[in-house]
Amino acid sequence: MLAFIATLSVKQEAVEEFKAAMRDAIPKVRQEPGNHAYIGHQSPEQPTTFVFYEQYENEAALQAHRENLAALGLNLQTMLSAPPKIEFLTLL
């Protein structure tokens with residue numbers, strides 16, 4: 001099982017576009033084979049900071065997720081002000 005927290009810094013001018021894109025994408029991601037969790041949050045103190053908890057069955061499911069995002073036409077990189085910070089977790 002792969003679990004991690006992804007912290008994304010979104011450009012101020014892209015916050016609403018990012019939120020709309022994620023509202024559309026989140027239900028689709030949750031339907032991906034091997035996806036166990038995909039939960040997004042926006043920081044109330046730092047509205048350009050978004051934190052996602054993600055959990056996948058294995059590396060193949062994570063790779064399929066990345067391919068699915070591309071197939072959905074999501075180009076998050078254009079909305080980000082910095083590279084995502086990924087913290088992998090160990091499931092207890």
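Rules and cut-offs
Residues numbered from 1 in each chain as written. Predicted model: local features only at pLDDT ≥ 70, side-chain atom pairs only at ≥ 80, totals over all residues. Heavy atoms only, no water. 1 Å grid on protein atoms, 1.4 Å probe; cavity = no way out; pocket = protein on both sides within 12 Å on 5 of 7 lines; lining within 4 Å. Points joined across faces, edges and corners; volume = space filled by probe spheres on them. Helix = DSSP H or I, 4+ residues; strand = E, 2+ residues; numbered from the N terminus. Salt bridge = Lys/Arg side-chain N within 4 Å of Asp/Glu carboxyl O. Buried < 20%, exposed > 50% of the residue type's maximum accessible area, 1.4 Å probe, protein only.

On to the layout of surface pockets. Approximately 360 Å³ is the volume attributed to the largest pocket. Around the largest pocket, the lining comprises 20 residues; the ones closest to its centre are Glu54, His65, Leu69, Leu76 and Pro84. Only β1 (2–9), α1 (15–29), β3 (49–56), α2 (59–71) and β4 (85–89) provide two or more residues apiece to the lining of the largest pocket. Of all the elements, α2 adds the most residues to the lining of the largest pocket, at four residues.

All told, the structure shown has two salt bridges when counted by the stated rule. Glu16 serves as the salt-bridge partner of Lys19, at 3.6 Å between the closest nitrogen and oxygen. Taken together, the positions of Lys19 and Glu16, both in helix α1 and three residues apart, correspond to about one turn of that helix. When the shortest N-O distance is used, the salt bridge between Lys28 and Asp24 registers 3.2 Å. A residue pair is termed a helical-turn pair when its members lie 3 or 4 positions apart in one helix, as Lys28 and Asp24 do in helix α1 at four residues. Relative accessible area serves as the criterion here: at 38%, Lys28 is assigned to the partly exposed category.

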